[in-house]
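Here are the chains, one letter per residue:
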Amino acid sequence: MSAVKKNYIVETIRKAQLSELLAKGKRLDGRSLEQYRELKIETQLIEKANASARVTLGNTQVIAGVKIATGTPFPDTPDKGLLIVTAEVLPLSSPYAEAGPPDEDAIELARVVDRGIRESEMVDLTELCIVAGKVVVTIFVDVSILNVDGNLFDATSFAVVSALKTAKMPKYVPDGDKAKATGETIPVPVKRVPVSVTMARIGNVLIVDPSIEEEAVMDARITLTTDDDGNICAGQKGNPSTFTPAQVMAAAELSTRKGKEIRKQIVGAAK
Amino acid sequence: MEAKRKLIDDKGKRLDGRTWDQLRPVKIEVGVLKNADGSAFIEWGKNKIMAAVYGPKEVHPKHEVMPDRAVVRCRYHMAPFSVDERKNPAPSRREIEISKVIREALEPALVVEDYPRTAIEIFVEVLQSDGGSRVAGITAAALALADAGINMRDLVCGVSSGIVDGQVVLDLNDSEDKEGSGDMPVAIMPNLGLVTLLQIDGIYTPDHFKKAFELAIEGGKRIYEMQRQVLLQKYFGSSPAESTAEEQE
């Protein structure tokens with residue numbers, strides 16, 4: 001992430017040290033290769049939001065808030081509501097983060113998380129249509145990164161999914177070409193629980209949930225999002241390096257396996 | 001909303017008449033811009049994309065200099081007239097993300113250690129877009145880098161696969177990209193057998209995922225053969241394939 005200071009000499013030395021450890025199946029913080037840091041999910045923290053979730057993954061901390069309103073649909077999908085995910089790396093999240101317009105890392109983060117939610121068809125957008133072509137329900141999920149310590153992709157995705165799962169929205173009925181709130185509240189039509197699993201390749205070793213130290217020395221990164229049935233619904237390779245086809249297939253298998261474990265935790269937290 | 005139209009007919013033909021594993025027609029030219037250190041123009045289906053490379057050159061701003069290697073920069077941009085509705089010429093979030101993944105797909109092929117304290121700048125300008133523009137852009141940009149004489153470990157070539165009407169297909173065109181249910185752009189270094197770009201959209205069962213991924217790699221190798229022929233033509237006037245054919249006659 002942009003919110004990381006690059007120090008080439010330290011990275012080179014640390015990479016050698018880390019590679020030696022990884023060869024023995026160990027990591028700097030004592031985790032195994034396929035082990036996530038402690039994941040904590042809290043929901044319903046922000047009363048003024050339709051839903052919210054704070055995720056802490058090791059020392060990485062993010063908070064997602066959901067705001068629901070009505071708006072005009074996109075011309076090419078007149079019968080679907082809108083679901084938009086954004087993410088901002090706040091200047092308070094790291095000594096190296098800066099205020100200002102989002103840089104390419106922040107844009108990639110928001111777009112990769114958004115794709116995971118969208119492509120998995122987590123929310124049934126057709127249920128959000130009030131008057132086709134005129135007015136639909138719009139759901140914004142905005143994520144603020146509070147503390148950067150690696151793997152923002154997964155922390156952000158977990159927060160979005162947990163928040164959406166607990167989100168309630170006003171019930172709207174058509175009123176001519178407009179929408180009228182009935183005063184009732186109903187849950188957001190959540191159909192699936194996508195789980196993002198980010199893996200880093202360091203040398204020949206694939207690890208999950210890279211910490212900030214591991215991200216600083218990793219060769220390549222891959223984020224794969226899987227759904228409840230073990231399908232892959234979104235993915236992104238990152239960093240100027242490579243994967244062998246066999247490593248990609250191993251990552252696909254690993255993401256499905258870890259995804260199952262984490263889905264239980266998300267579903268448990270969102271009750 | 002209108003009913004979804006079929007994108008593959010009963011005989012397995014796609015809208016543009018291709019079978020599931022066929023590429024669209026590809027035409028590539030190298031060394032087409034005078035000022036650039038390297039350039040290439042690719043026509044791939046209705047995609048028309050210009051790629052240019054400047055560098056290795058001095059780094060501006062100076063604090064971005066790297067003491068042991070070149071800085072690689074990339075800009076992917078779509079012309080306002082390249083799509084159906086006029087596109088705002090300012091870089092969109094999509095273009096910023098694609099610029100990043102293209103850079104990360106090409107950089108592994110460059111021997112950046114050979115050019116310390118310099119910048120290598122890659123420009124991909126989409127003049128007309130027809131689905132798969134990022135992989136077409138990567139294919140052209142890799143040739144522009146070779147044309148600029150930059151030391152490379154391998155060429156980089158790319159192609160998308162995806163899911164259309166529940167079937168795995170190669171090289172999605174615009175309608176298949178928009179109306180299909182999955183798109184997977186893949187770029188590879190064909191001789192080293194390494195994947196340098198992988199993005200996944202849509203729902204893939206494990207079997208579909210494997211099939212689509214392997215199909216894209218296989219398609220990429222066909223694109224590589226075209227890249228190779230273009231470079232041989234440009235720098236040696238003929239391709240060995242042709243000369244062998246002549247010798248055999």
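Read on for a plain summary of the structure.

Quick look at the overall build of chain A
Item 1. When helices and strands are tallied, chain A shows five helices and twelve strands.
Item 2. Relative to the globule expectation of 18 Å for 271 residues, the C-alpha radius of gyration of chain A, 20 Å, shows essentially globular dimensions.
Item 3. Counting the 271 residues in chain A, one finds 53% classified as buried.
Item 4. Within chain A, counting contacts between residues at least 6 apart in sequence, those at least 24 apart form 69% of the total.
Item 5. For chain A, the exposed area adds up to about 11600 Å²; of that, 51% sits on carbon and sulfur atoms.
Item 6. Taking the 34 positively charged and 36 negatively charged side chains of chain A as two groups, their mean positions are separated by 3 Å.

Re helix α4 (residues 206-236) of chain B
Item 1. The terminal C-alpha atoms of α4(B) lie 45 Å apart, and with 31 residues this matches the ideal 45 Å at 1.5 Å per residue to within 8%.
Item 2. Positive backbone phi, at 80°, marks Gly237(B), one or two positions downstream of α4(B).

Some remarks on the interface of chain A and chain B
Item 1. In this complex, chain A contributes 37 residues to the contact, which on the side of chain B involves 32 residues.
Item 2. Both sides of the chain A and chain B interface together cover about 3000 Å² of buried area, and 61% of this is carbon and sulfur.
Item 3. Area buried by chain A at its contact with chain B is led by Glu104(A), Ile232(A) and Lys237(A), which between them contribute 18% of it.
Item 4. Ionic pairing is found between Glu97(B) and Arg115(A), a salt bridge with its closest N-O pair at 2.5 Å.

Re the sheet that holds strand β3 (residues 47-57) of chain B
All names here are of chain B.
Item 1. Across the sheet, five strands lie side by side as β1-β2-β3-β5-β4; this open sheet has mixed pairing. At either margin of the open sheet sits one strand with a lone partner, and together these are β1 (26-30) and β4 (71-78). Strand-to-strand twist across the sheet, computed as the mean angle between neighbouring axes with direction ignored, equals 15°.
Item 2. Packing of helix α2 (residues 133-147) onto the sheet brings it into contact with β1, β2 (38-44), β3, β4 and β5 (119-128), and relative to β2 it is tilted by some 150°.
Item 3. This element, α4, spans β1 and β2 of the sheet and lies at about 35° to β1.

Observations concerning α2(B)
Item 1. Between the first and last C-alpha of α2(B) there are 21 Å, a value that for 15 residues agrees with the 21 Å anticipated at 1.5 Å per step.
Item 2. With 14 of 15 residues buried, α2(B) lies mostly within the body of the structure.

Thoughts on the nonpolar core
Item 1. Ranked by internal contacts, the top residues of the largest apolar core, which has 131 residues, are Ile139(A) and Leu164(A).
Item 2. A total of ten residues in this core trace back to one element, the largest contributor, which is α4(B).
Item 3. The residues touching Leu164(A), leaving out its near neighbours within four places in the chain, are Val66(A), Leu83(A), Ile117(A), Met122(A), Val123(A), Ile139(A), Val141(A), Val188(A) and Val190(A).
Item 4. Membership of the second largest hydrophobic core comes to eight residues, among which are Leu22(A), Ala200(A), Val205(A) and Val217(A).

Topic: the sheet that holds strand β10 (residues 205-208) of chain A
Item 1. Spatial strand order, β10(A)-β9(A)-β11(A)-β12(A)-β9(B)-β8(B)-β6(B)-β7(B): eight strands in an open sheet with antiparallel pairing. The open sheet has two edge strands, β10 of chain A together with β7 (167-170) of chain B, and neither has a second partner. Neighbouring strand axes in the sheet, compared pairwise and without regard to direction, differ in orientation by 20° on average.
Item 2. Bridge analysis of strand β9 (residues 195-202) of chain A against β10(A) gives four bridges, and the strand direction is antiparallel.

Each value, and the rule that gives it
- Residues numbered from 1 in each chain as written.
- Chains lettered and ligands numbered in written order.
- Predicted model: local features only at pLDDT ≥ 70, side-chain atom pairs only at ≥ 80, totals over all residues.
- Heavy atoms only, no water.
- Helix = DSSP H or I, 4+ residues; strand = E, 2+ residues; numbered from the N terminus.
- Rg over C-alpha atoms; globule rule 2.2 N^0.38 Å.
- Buried < 20%, exposed > 50% of the residue type's maximum accessible area, 1.4 Å probe, protein only.
- Contact = heavy atoms within 4.5 Å.
- Areas by Shrake-Rupley, 256 points an atom, 1.4 Å probe, with all protein chains shown as cover.
- Lys, Arg positive; Asp, Glu negative; His and termini not counted.
- Charge placed at Lys NZ, Arg CZ, Asp CG, Glu CD.
- Expected span 1.5 Å × (residues − 1).
- Buried area = accessible area lost by both parts, 1.4 Å probe.
- Salt bridge = Lys/Arg side-chain N within 4 Å of Asp/Glu carboxyl O.
- Pairing = 2+ DSSP bridges.
- Axes fitted to C-alpha atoms, helices over the stretch in contact; angles between N-to-C directions.
- Core = buried A, V, L, I, M, F, W, Y, C linked by side-chain atoms within 4.5 Å.

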